[in-house]
Amino acid sequence: RIVYCAGKFVPEDQAHVSLFDRGFLFGDGVYEVTAVIRGKLIDNDLHLARFRRSLAELAIPMPATFEEIENLQQTLITRNGLTEGTVYLQATRGEADRDFLYPDGLKPTLVGFTQAKKLLGTRAQEEGIAVALVPDPRWARRDIKTVMLLGQVLVKRDARAAGFGDVWLTQEGQITEGASSTAYIVTDDNRILTRGNSRMILPGCTRQALLRLCDRHGLTFEERSFTQTEAETAAEAFQTSASSLVTPVVRIGDAVIGDGKPGPLTRLLQSYYLEAAG
Ligand code: PDD
C-alpha cells in the first residue's frame with residue numbers, strides 16, 4: 001500500500017511518525033473514515049466538514065485545505081487502485097516533549113491510508129446483525145471524533161467474544177449510539193427514530209445523508225432519544241456508518257426485533273442510500 005504520512009506519499013513500511021507525537025502519547029488527535037464505492041468517495045463533504053469541526057473543538061489547526069485533503073484522498077484511491085473500501089484520515093496535535101500542557105505553534109501530523117473492504121452485499125447487510133447492549137464507557141465529548149477509542153475497543157472485543165456482531169451503548173436507560181455507528185429504531189407506526197445530536201453522540205455523516213433521503217422520499221424521521229425498552233420492542237432496528245452503510249439489526253441483547261429478519265423500511269433505506277451513492 002501507498003500511504004500518506006506528514007506530507008509524503010510513501011510505501012506503508014516507510015511511513016514513520018515520531019515517538020513524541022501527541023496522538024501516540026495522549027490520543028490527542030481526530031480522524032475520519034470515508035466510504036469508497038466504485039472508486040468514488042461517499043458523503044466526503046460531510047466528513048471533511050466534521051473533520052474541521054473536530055479539530056476546531058480541540059484547537060488543532062486545519063493541517064491542509066479541503067481541496068488539498070480531498071486531492072490526497074483521491075491520490076491514495078488511485079495509487080492503490082481502490083474500488084471498494086474506506087479512506088482513513090487522521091490529524092494529531094503534533095510532536096512535543098511529553099507534557100499534558102502543549103506548547104504553542106505545534107505543526108499537526110496529517111496521515112491517511114486506504115483499506116480495501118467489501119461494503120456492498122455483505123452478509124451483515126443482507127441478514128442483519130445482533131448487537132450487545134453495554135453501558136457507554138466513553139468521555140463527555142463524544143461529538144468529537146477523537147482517536148481515543150479504548151472504550152469502543154473493549155466493548156467490541158467483549159461483544160464479539162459473546163457472539164454478537166456489534167454493540168449499542170446505553171446510558172440512564174437510553175440508547176446513546178452504536179460503538180462505531182449511529183443507532184435507529186422504527187416504531188409500529190413507521191416512524192424512524194434516532195437520537196438528536198449533542199455532546200452525547202458523534203454526529204454521523206451517514207445519518208445526515210439518510211435524514212436528507214427521508215425528507216426527499218417523504219419518510220417520517222424523528223430526532224429524539226429512545227429507551228432500551230423501546231429498542232427491544234421496536235418493529236425494526238438498524239445502524240449506519242461510513243464503513244457499514246445501512247446495516248439491519250435483528251437482535252438487541254436477548255430481544256429479537258420484529259420477526260428476526262431485516263424490516264421493510266430498513267430495506268427501503270438501504271436501497272435509497274445505495275442509489276444516492278451512485
Ligand atoms: N465510525 N458513532 C460513532 C461512535 C462512530 O465511531 C461512527 C463512525 C459513527 C457513524 O458516523 P459516520 O456515519 O459518519 O461514519 C457514529 C467510523 C466508521 C470508525 O470509527 O471506523
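Residues numbered from 1 in each chain as written. Predicted model: local features only at pLDDT ≥ 70, side-chain atom pairs only at ≥ 80, totals over all residues.

With that settled, the discussion passes to the overall build of the chain. Of regular secondary structure, the chain possesses eight helices and 15 strands. The C-alpha atoms of the chain give 19 Å as radius of gyration, which agrees with the globular expectation for 278 residues (19 Å, within 12%). A principal-axis box enclosing the C-alpha atoms of the chain has dimensions of 55 × 40 × 35 Å. Here the chain holds 278 residues, and 37% of them are scored as buried. (Helix = DSSP H or I, 4+ residues; strand = E, 2+ residues; numbered from the N terminus. Rg over C-alpha atoms; globule rule 2.2 N^0.38 Å. Buried ≥ 20, exposed ≤ 12 C-beta atoms within 10 Å, placed from the backbone.)

This part takes up the packing of helix α6 (residues 205–216) against helix α8 (residues 264–276). At a closest axis distance of 10 Å, the pairing of α6 and α8 adopts a crossing angle of 105°. In terms of their interaxial angle, α6 and α8 are classed as roughly perpendicular. Between α6 and α8, the contacting residues are A209, L210 and L213 on the first element and L269, Y272, Y273 and A276 on the second. The class makeup of the residues in the contact of α6 with α8 is seven nonpolar, no polar and no charged. (Axes fitted to C-alpha atoms, helices over the stretch in contact; angles between N-to-C directions. Parallel < 35°, antiparallel > 145°, perpendicular 65-115°, else oblique. Contact = placed C-beta atoms within 7 Å. Nonpolar A, V, L, I, M, F, W, Y, C, P; charged D, E, K, R; others polar.)

Ranked by size, the top nonpolar core spans 51 residues in total, and within it V131, V167, A237 and V249 carry the most contacts. Formed jointly, this core draws a minimum of three residues from each of two domains, domain 1 (2–116) and domain 2 (123–276). (Core = buried A, V, L, I, M, F, W, Y, C linked by C-beta atoms within 7 Å. Domains from an automatic or database assignment.)

Attention now goes to the site of the ligand. If you check the shell around the ligand, you find 14 residues, and the closest are S180, G204, C205, T206 and A242. Put simply, the parts of the chain that give the shell around the ligand at least two residues each are α6 and β13 (236–241). Considering every element that reaches the shell around the ligand, the biggest residue donor is α6, with three residues. Of the residues assigned to the shell around the ligand, the class counts are four nonpolar, eight polar and two charged. (Near = placed C-beta within 6 Å.)

Moving on, we get to helix α2 (residues 44–57). End to end, α2 covers 20 Å across 14 residues, agreeing with the expected 20 Å (1.5 Å per residue, within 8%). Taken together, the buried positions of α2 are N44, H47, L48, R50, F51, S54 and L55. With its buried residues spanning 160° around the axis, α2 presents them on a single face. Packing partners of the buried residues in α2 comprise β3 (29–37), β4 (40–41), α3 (66–79), β5 (85–92) and α6. Looking one or two residues past α2, A59 carries a phi angle of roughly 55°, positive in sign. (Expected span 1.5 Å × (residues − 1). Arc of directions from axis to C-beta.)

Let us look at the pairing of strand β9 (residues 174–178). Counted residue by residue, β9 has four buried out of five residues, so it is predominantly covered. Bridging between strand β8 (residues 166–171) and β9 involves three bridges; their strand directions are antiparallel. Paired with T170 across the bridge in β9 is I175. Between the end of β8 and the start of β9, which pair antiparallel, lie two residues, with E172 showing a positive phi angle near 50°. (Pairing = 2+ DSSP bridges.)

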